[in-house]
Amino acid sequence: MQLKPIALCISSLLLLNYGAHAEEADTLVVSASKQAATAASSRNVSVVKVDASTLADANVSRTDLLPRVLPGLQMGNSGSLLFQSASLRGISSAQDFYNPAVSFYVDGVPQLSTLAMQPLLDVDSVEMLRGPQGTLYGKSAQGGIINIVTHQPDSTARGYVEGGYASRDGYHSKINVSGPIQDGLLYGSATLLRQVDQGSMTNPDTGSDHLGGSRTNAGNARLRLAPDNQPWEVSAAVTETCTHATQDTYVPFADVKSRTLDISPGGGDPYLRSCSHSQSLSGRYTTEDWIISVVSAWQQQEYDRKFPYSGYTANLPENWNQNVQEIRAATRGNDTLDAVFGLYRQDTRESLDSHYDYAGTPLTSTRSHNQAETLAAYTDLTWHVTSRWDLGAGLRYSHDKAETRYSGSTQGYPWGDSNTHRDDQILGQLSTGYQLTDGWRLYARAAQGYKPAGFSVTPVAGTSADAYDAERSMNYEIGSRYQQGAWQVDGALFYTHTRNLQLFSGPVGYQTISNAGSADASGAELSASWQFTPGWLWAVNGNVVRSQFTGSSESYADQRVPFVPRYATGTSLSGTIETPWGSLLPRAAVNLVGPQFFDGDNQLRQGSYSTTDLRLGWQASDRVTVSAYVDNVFDKRYRTYGFLSGTTAFAQVNNGRTAGVDVRIEMF
């Protein structure tokens, strides 16, 4: 990996210089927000925040496992780990693999849609804002946003090593160091990770087993220049991730317990190799009343994907390049008025050179080049009418430009086309909140979100390069948040109307994006936690969602929107038991997911299912923790994805029960 020399150099410097003590983060501060914690956009919103210890207790090491700790979020592979079917509040990203409705951020930087699944390297917390966040975050945030907040190196030196072994010969190892390089001036951190998650599928044609898994190498290095007694600081970070996987593993839809692929002879094994490179440069200047932030980030990804099905073999290599710039000025927190003003630019470029064969005979090839550019200006204001009552309003103007150019041949006949589309969007949001008591808040919110117009990344032979229209959502919600003593309760009622819904549909191998009319999503969500005795926490959560195409939908009138469970609920119990030999840290969790469909015609249905996870940690000393776990204790099998090829239905299923042991050693 290119990152390894950098990481090792920083590691050596950090090991020579450490001291001081860490500051505890206030768990009530929503740092995913782009303005002060007292602003309406931070307080009048449904939010979930979990820290690093909660992630570790729930055995969450990758983003696709976040539904274990983020109530209401549903995630799963849509064929490949590149395409995550994230859904939230009845809004589903699986309707368009390349333009999700739930976006992922790392330290406020948007991630490529094909990198929604990534390992969690050195994470302080993960925050989820539910409902449209279009005015502050722009496109692809109708369902909400998820922001991964990484550890920022400071005067406190820390370092740890982790390792573990799991079912199906899976294992992981990680090393991290962080701290001062020159205390009072320069700080750094470095993380290296190796993670192997073996699958459980067998290919009868090749005899290969352990298919459906992945092997990942990842690393991150960060430098932070923050002179003492200065109002400014600058940070630079670089992350490298390479994954080899055998995804696209399909069995007959009706045989959910099968571990043998339904595959045609001669097709070989499914294969995926993906490498991503991320760089960011950010700065912050603080005055008495304002914080001015600047960020510039770049991300590149190249992957080669091959999957066989129904006699076809598809080879789909793609290259992605994205760069983002943002400048923002936000108040630090004011008794009368809070504000944020920002300018934003995002440019994304993609190229594809795909080939489809049938029984070894070339069938079709496609070469495409796509570019999407967004320029935006936004503002968000909060008027603190009284010490308990506030009003908020936001506005965003976005100019989007999409270009496509493609060509190819089908059985020797050439085809191709090109086009450019421009569009302007104005989004707004209004909110009001009232603090009934110091620990109890009520709020109401109306907000808009959108996905821009554009072109299908994988065009179909013989069709013209016609753009699909922008998708727009309007959301209304009322919510409440209560925190007092050992209790915390959050709840909301919501309704979202979406028009010009973008849906990825058509025969497998020839799918394109088109507008499928309007859809309505309505529901309720509730979560509560009770620390009923010191060291013990009981948490429950649940949501009910009705997400359905309206009667005016041209293609799917009155059908359920795919990849949206009708309901979900969960409960967990965790605590600490002190013994003469160290602390025992037990955790038990049960999650129930309601029925959902995988297609707009509602022919492919996954029924409700539940999973049970158990974990027992042993903190042998201040520096050593050993944990044993069993995820999906009762080995429940369920479909994570399904599709029709002709009249035959195929499904992707989960890996089933996973057991393992982890060890973590704090080096200093």
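Residues numbered from 1 in each chain as written. Predicted model: local features only at pLDDT ≥ 70, side-chain atom pairs only at ≥ 80, totals over all residues. Heavy atoms only, no water.

1. Here's the deal with the overall build of the chain
Helices and strands together make up the secondary structure of the chain, namely four helices and 40 strands. Computed over its C-alpha atoms, the radius of gyration of the chain comes to 24 Å, within 12% of the 26 Å expected for a compact globule of 668 residues. Expressed as lengths along the three principal axes of its C-alpha atoms, the size of the chain is roughly 70 × 55 × 45 Å. Accessible surface, the chain as shown: approximately 27,600 Å² in total, 55% of it carbon and sulfur. The distance from the centre of the 50 positive side-chain charges to the centre of the 64 negative ones in the chain is 2 Å. (Helix = DSSP H or I, 4+ residues; strand = E, 2+ residues; numbered from the N terminus. Rg over C-alpha atoms; globule rule 2.2 N^0.38 Å. Areas by Shrake-Rupley, 256 points an atom, 1.4 Å probe, with all protein chains shown as cover. Lys, Arg positive; Asp, Glu negative; His and termini not counted. Charge placed at Lys NZ, Arg CZ, Asp CG, Glu CD.)

2. Structural notes on the sheet that holds strand β15 (residues 251–252)
Spatial strand order, β15-β39-β38: three strands in an open sheet with antiparallel pairing. Each of the sheet's edge strands pairs with one partner strand only, and the pair in question is β15 and β38 (639–645). The pairing of β15 with strand β39 (residues 648–653) spans two bridges and is classified as antiparallel. In the strand pairing of β39, valine 251 is matched with alanine 651. (Pairing = 2+ DSSP bridges.)

3. Brief notes about the environment of aspartate 635
Along the chain, aspartate 635 falls in the loop between β37 (624–631) and β38. Residue classification places aspartate 635 among the partly exposed residues on the basis of a relative accessible area of 22%. Aspartate 635 sits 210 residues away from glutamine 425 along the chain, and the two C-alpha atoms are 47 Å apart. If near-sequence neighbours (up to four positions away) are discounted, aspartate 635 is found in contact with Gly656 and Arg657. (Buried < 20%, exposed > 50% of the residue type's maximum accessible area, 1.4 Å probe, protein only. Contact = heavy atoms within 4.5 Å.)

4. Topic: the pattern of salt bridges
Under the criterion given, the structure shown has 26 salt bridges. The partner of arginine 89 in a salt bridge is glutamate 477, with the nearest N and O atoms 2.9 Å apart. Of the two residues, arginine 89 is situated in the loop between β4 (87–88) and β5 (91–92) and glutamate 477 in strand β25 (residues 471–484); the sequence distance between them amounts to 388 residues. Take arginine 89 and glutamate 477: they sit in the same class, and that class is buried. Because the salt bridges share partners, they merge into one network encompassing Arg89, Arg130, Arg445, Glu477 and Glu525. (Salt bridge = Lys/Arg side-chain N within 4 Å of Asp/Glu carboxyl O.)

5. Topic: the pairing of strand β16 (residues 271–286)
Here strand β14 (residues 232–245) pairs with β16 via 14 bridges, running antiparallel. Bridge pairing in β16 links valine 238 to glutamine 279. Here β16 runs beside strand β17 (residues 290–309); their pairing, made up of 16 bridges, is antiparallel. Within the sheet, the bridge partner assigned to leucine 272 lies in β17 and is arginine 305. The antiparallel pairing of β16 with β17 creates a hairpin that spans three residues between the two strands.

6. What to know about the state of the cysteines
Overall, the coordinates contain one disulfide when judged by the stated rule. Covalently, cysteine 242 is tied to cysteine 275 through a disulfide, its sulfur atoms 2.1 Å apart. Disulfide cysteine 242-cysteine 275: the torsion about the S-S bond is 120°, which places it as right-handed. With a gap of 33 residues between them, cysteine 242 in strand β14 and cysteine 275 in strand β16 connect regions that are remote in the sequence. The class of cysteine 275 is buried, set by a relative accessible area of 3%. (Disulfide = S-S within 2.5 Å.)

7. What to know about the confidence of the model for the chain
The share of residues in the chain with pLDDT of 70 or more is 93%, and the mean pLDDT across the chain is 89. Taken element by element, the predicted model of the chain shows its lowest mean pLDDT in helix α1 (residues 4–15) (35) and its highest in β37 (97). Taken together, the stretch residues 1–32 has pLDDT below 50 and engages in 67 contacts with residues farther than four places along the chain or on a different chain. (pLDDT = per-residue confidence, 0-100.)

8. Looking at the environment of histidine 369
Note on placement: histidine 369 falls in strand β21 (residues 361–384). In this structure the C-alpha to C-alpha distance between histidine 369 and asparagine 319, which are 50 residues apart in sequence, comes to 9.6 Å. The contact partners of histidine 369, leaving out residues within four places of it in the chain, are Glu350, Ser351, Glu403, Thr404 and Arg405.

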